[in-house]
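Here are the chains, one letter per residue:
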Amino acid sequence: RLSIPENKCCVLPLGINLNEIKKIDLEDSRNKLRLKYQISDQDFVFLSVAAINHQKNIIGLIKAFRLILIDCPNAKLILLGPAYEKMIVDEVEKYVRQNNLQKNVIYAGSSSSAFSYYPMADAFVCSSFFEGGPLVFLEALAFNLPIITTDVGYAKQFNNCDGIIKISPPIDIFKFYGQIWQLR
């Protein structure tokens, strides 16, 4: 229709590859990663798979997680994703240090095999200010994890679903006017 030669086009699927997920030995993956990060079977692990940037609201996530520790002191928060904004990384590190969260908040870095991290989790969290998807939401569903997410992207379509808790984002992005680094 667009008069573009077929050999100049590439179809990019939107979604997740369930066949890759089915290949994972869930128990082995869970045990290996929990051992790697010194997490016991009694610890409750929240997993966030997100870039470290303003859009993902990682500092807001850590502040909310700190409140969870009041009732669940054995909780851990695993942050998995590339660190794109040094300013956010520095802010996260400072907040974690100042609040003595080093044993509870673990930055696992970036991974080419992010799927292997889902089995170590007991719940999935997404704290984004805005999203188009996010695909990580679908991945968490595929791993049958309970989900706590801001009501963004296609999470909006999941109403009254067992195992999914949606929270209004702290800022209505459609009413926000400013630079992305001003999101708080």
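Scroll up to find the structure this text is about.
To keep things clear, this report deals only with the structure shown in the data block. Residue positions are given per chain, counting from 1 as you read along its sequence in written order. Per-residue local features are limited, in this predicted model, to residues with pLDDT of at least 70; the limit for side-chain atom pairs, both in listing and counting, is 80 or more; totals at the level of whole chains, interfaces and linings are taken over all residues. Side-chain figures throughout are based on the complete set of non-hydrogen atoms in the structure, without hydrogens or water.

## Looking at the pairing of strand β5 (residues 147-150)
Walk down a regular strand and you will see the side chains alternate between the two sheet faces. What counts is decided by this rule: Pairing between strands is defined by DSSP: at least two bridges between them are needed. Helical segments are the DSSP runs of H or I of at least four residues, strand segments are the runs of E of at least two, and each set is numbered from the N terminus. Look down the strands so they point away from you; if the path from the first strand over the helix to the second goes clockwise, the crossover is right-handed.
Relative to β5, strand β4 (residues 123-126) runs parallel, the two being bridged by three bridges. Of the residues in β5, the one forming a bridge with Val 125 is Ile 148. Each parallel crossover has a hand, and the one from β4 via helix α5 (residues 135-142) to β5 is right-handed. Where β5 and strand β6 (residues 164-167) come together, four bridges link them in parallel fashion.

## Quick word on the side chain of Lys 76
Selection rule: With a 1.4 Å probe rolled over the protein chains alone, any residue whose accessible area is under 20% of its type maximum counts as buried; one over 50% counts as exposed, and the rest are partly exposed. Charge assignment in this entry is limited to Lys and Arg as positive and Asp and Glu as negative, and neither His nor the chain termini are counted. Throughout this description, the term salt bridge denotes a Lys or Arg side-chain nitrogen within 4 Å of a carboxyl oxygen of Asp or Glu. N or O atoms within 3.5 Å of each other form a polar contact, as long as, within protein, one can give a hydrogen and the other can take it, and as long as residues adjacent in sequence are counted only when both atoms are side-chain atoms. Any two residues having at least one pair of non-hydrogen atoms within 4.5 Å are treated as being in contact.
Tracing the backbone through its elements, the reader meets Lys 76 in strand β2 (residues 75-80). One buried charged residue, Lys 76, forms no salt bridge at all, with the nearest opposite charge on Asp 43 at 4.2 Å. Separated by 3.0 Å, the side chain of Lys 76 and the backbone oxygen of Lys 103 make a polar contact. Filtering out sequence-adjacent residues up to four positions away, Lys 76 remains in contact with Ile 39, Asp 43, Phe 44, Val 45, Phe 46, Phe 65, Lys 103 and Asn 104.

## What to know about unusual backbone geometry
Residue Pro 134 is reached from Gly 133 by a cis peptide bond, and omega for that bond is 0°. Locating Pro 134 in the fold gives a position in the loop between β4 and α5. Despite not being glycine, Asn 144 shows a phi value in the positive range, around 60°. Mapped onto the elements, Asn 144 comes out in the loop between α5 and β5. The exposed category is assigned to Asn 144, whose relative accessible area is 69%.

The values reported here are purely geometric and, on their own, carry no functional implication.
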